[in-house]
Amino acid sequence: MANEVLIRVLERKRKYVWPEAQLNFWLIVMIAAAATIVGIFTYFMHLQSMFHLGVPWIFPYSIATGSICLLFLFIILVLIQQRQLLPGIVVLGSFILFVLFLTGLIETSIQLFGPTGSVNSYCNLYRPSSGLANSQATLAYLETQGICQDWKAAFSFYIIGTVFLLWMMVMAWQVNQDNFD
């Protein structure tokens, strides 16, 4: 027994230092982006069903993408609270969401600014006649403008989400390389 060598394996957890202010800002913006996308496209699906129209694939796709993003952000918050947020998890999740957001951004831009029959072309088409402040035509115009602004907001939040997911992949890579010490 004297000749036996006892080898002790010390397990040491690596500590990752995340920049708190940047991480908190990123979380707030991404929660706003995902929740806005879910809300807008849920409203659009409600309108489509109310008028008994077909639902374009971008509506449920955007709701699913925003919901997955919110779930990912919730998981990140739980891991932050437990001090177990690993850069690998963040990079993988951010990359998957980046691809989903980029797909939604491309399709939303096609629908909004496409060559024929785009949403934006209909937004600038109708103007109510003056002097009819309380008419159905004015109400229809205001509803149309509201829908157009919703499309533009969804497009904007898709851009913001895509850029911020790319930023998070870079930030997680920097945390993994210990560039924030």
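Residues numbered from 1 in each chain as written. Predicted model: local features only at pLDDT ≥ 70, side-chain atom pairs only at ≥ 80, totals over all residues. Heavy atoms only, no water.

- The protein goes by Arginase-like protein in an unreviewed UniProt entry, where it is assigned to Letharia lupina.

**Concerning the overall build of the protein**
1) Next: The helix and strand tally for the protein stands at five helices and zero strands.
2) Next: Helices and strands appear in the protein in the N-to-C order α-α-α-α-α.
3) Next: Across the 181 residues of the protein, 35% fall into the buried class.
4) Next: Long-range contacts, defined here as pairs at least 24 residues apart, represent 78% of the contacts in the protein between residues at least 6 apart.
5) Next: Taken as a whole, the protein presents about 11600 Å² of accessible surface, with 65% of it coming from carbon and sulfur. (Helix = DSSP H or I, 4+ residues; strand = E, 2+ residues; numbered from the N terminus. Buried < 20%, exposed > 50% of the residue type's maximum accessible area, 1.4 Å probe, protein only. Contact = heavy atoms within 4.5 Å. Areas by Shrake-Rupley, 256 points an atom, 1.4 Å probe, with all protein chains shown as cover.)

**Considering the state of the cysteines**
1) Next: All chains considered together, the criterion is met by one disulfide.
2) Next: Put simply, Cys 123 and Cys 148 are joined by a disulfide, and their sulfur atoms are 1.7 Å apart. Negative torsions about the S-S bond denote left-handed disulfides, and the value of about -105 degrees found for Cys 123 with Cys 148 makes this one left-handed. Placement of the pair is Cys 123 in helix H4 (residues 119–123) and Cys 148 in helix H5 (residues 136–176), with a sequence separation of 25 residues. Residue Cys 123 shares its accessibility class with Cys 148, and that shared class is buried. (Disulfide = S-S within 2.5 Å.)

**Examining the UniProt feature "transmembrane region" (unreviewed entry) in the protein**
1) Next: Under the feature "transmembrane region" (unreviewed entry), the UniProt entry names residues 21–45, 57–80, 85–106 and 155–175.
2) Next: Segment residues 21–45 splits into 100% helix and 0% strand. End C-alpha atoms: 36 Å apart.
3) Next: A distance of 30 Å separates the end C-alpha atoms of residues 155–175, which is 100% helix and 0% strand. (UniProt positions renumbered as here; feature names shortened; annotations may be inferred.)

**Quick notes on H5**
1) Next: Between its first and last C-alpha atoms H5 spans 59 Å; for 41 residues at 1.5 Å apiece the expected length is 60 Å, and the two agree.
2) Next: The first or second residue beyond H5 is Asp 178, which carries a positive phi of 60 degrees. (Expected span 1.5 Å × (residues − 1).)

**Description of the nonpolar core**
1) Next: Ranked by size, the top nonpolar core spans 41 residues in total, and within it Trp 18, Trp 26, Met 30, Phe 41 and Trp 151 carry the most contacts.
2) Next: Elements with a contribution of two residues or more to this core: helix H1 (20–50), helix H2 (58–81), helix H3 (87–113), H4 and H5.
3) Next: Counting residues per element, this core draws most heavily on H5, which supplies 12 residues. (Core = buried A, V, L, I, M, F, W, Y, C linked by side-chain atoms within 4.5 Å.)

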